[in-house]
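Topology and contacts: notes
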Amino acid sequence: MQRTHDYWMDKAIAEARKAEVIAEVPIGCVIVQNNRIIARAHNLREAKQDPAAHAELLAIRKAARKLGNWRLLETTLYVTLEPCLMCMGAILLARIPTVVFGCHDPKAGAAGSLYDLSNDPRLNHRFELVSGIRRQECSSMLSEFFAALRLKRRSDQ
């Protein structure tokens, strides 16, 4: 049975919820090949004290290890927030053919908000981009997380 983008985004949202539980920015990612998840991850920047521990990068690394190949051909990456420049660079280098994301990131998005690296003719790889899948849910999760963080910081002062 072929699953929908909505179905797979639900799995990415579940990953984002795992990040939220451990006080990480709630961003989740799954990579799908042949109608099954081959890698999943959520943000771990705080836990690892690693600026590159974004959900997408962690999932891409896991998928490459699982497939035994840095080329993640015939895969689809689902992520709750529009990828940043760093993550888009990794997506391009991994040759992922399709990226699906939930909500746009007007401050750092590189898949249409600030830049669009998915279809830049100067680069050696282009990929299909699908946006807005479960947009409101993904956006609300982030807004609520940051509102709670601001409230906590004010009460700690």
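Calculation notes
- Residues numbered from 1 in each chain as written.
- Predicted model: local features only at pLDDT ≥ 70, side-chain atom pairs only at ≥ 80, totals over all residues.
- Heavy atoms only, no water.
- UniProt positions renumbered as here; feature names shortened; annotations may be inferred.
- Core = buried A, V, L, I, M, F, W, Y, C linked by side-chain atoms within 4.5 Å.
- Buried < 20%, exposed > 50% of the residue type's maximum accessible area, 1.4 Å probe, protein only.
- Helix = DSSP H or I, 4+ residues; strand = E, 2+ residues; numbered from the N terminus.
- Contact = heavy atoms within 4.5 Å.
- Axes fitted to C-alpha atoms, helices over the stretch in contact; angles between N-to-C directions.
- Parallel < 35°, antiparallel > 145°, perpendicular 65-115°, else oblique.
- Left-handed = near helix turned anticlockwise from the far one by under 90°.
- Nonpolar A, V, L, I, M, F, W, Y, C, P; charged D, E, K, R; others polar.
- Pairing = 2+ DSSP bridges.

By the naming in an unreviewed UniProt entry, the protein is tRNA-specific adenosine deaminase, taken from Trichlorobacter lovleyi. Under the UniProt heading Subunit (unreviewed entry), the note attached to the protein is "Homodimer." Taken from UniProt, the Catalytic activity (unreviewed entry) comment for the protein reads in full: "adenosine(34) in tRNA + H2O + H(+) = inosine(34) in tRNA + NH4(+)".

Membership of the largest hydrophobic core comes to 51 residues, with the highest contact counts inside it found for Met-9, Ile-31, Ile-60, Leu-77, Tyr-78, Ile-91 and Ile-96. Elements with a contribution of two residues or more to this core: α1 (5-21), β1 (28-33), β2 (36-42), α3 (55-67), β3 (75-81), α4 (85-94), β4 (98-103) and α5 (135-156). Dropping the residues within four chain positions of it, Ile-31 is found in contact with Arg-36, Ile-37, Ile-38, Ala-39, Ala-59, Ile-60, Ala-63, Leu-72, Thr-75, Thr-76 and Leu-77.

A few words now on the packing of α3 against α4. Running from N to C, α3 and α4 cross one another at 20°; their axes reach a closest spacing of 9 Å. Here α4 runs roughly parallel to α3, going by the angle between their axes. Of the two possible hands of crossing, α3 and α4 adopt the one that is left-handed. Where α3 abuts α4, its residues Glu-56, Leu-57 and Ile-60 lie against Met-86, Cys-87, Ala-90, Ile-91 and Ala-94. Of the residues contributing to the contact of α3 with α4, the split by class is seven nonpolar, no polar and one charged.

If you trace the five strands from one edge of the open sheet to the other, you get β2-β1-β3-β4-β5, paired in mixed fashion. Among the strands making up the open sheet, the edge pair consists of β2 and β5 (128-131). Ignoring which end each strand starts from, the neighbouring axes of this sheet average 15° apart. Inspection of the sheet shows β1 paired to β3 by five bridges, in the antiparallel sense. The residue bridging Gln-33 from the neighbouring strand is Thr-75, located in β3. Packed on one face of the sheet, α5 meets β3 and β4 and runs near 60° to β4.

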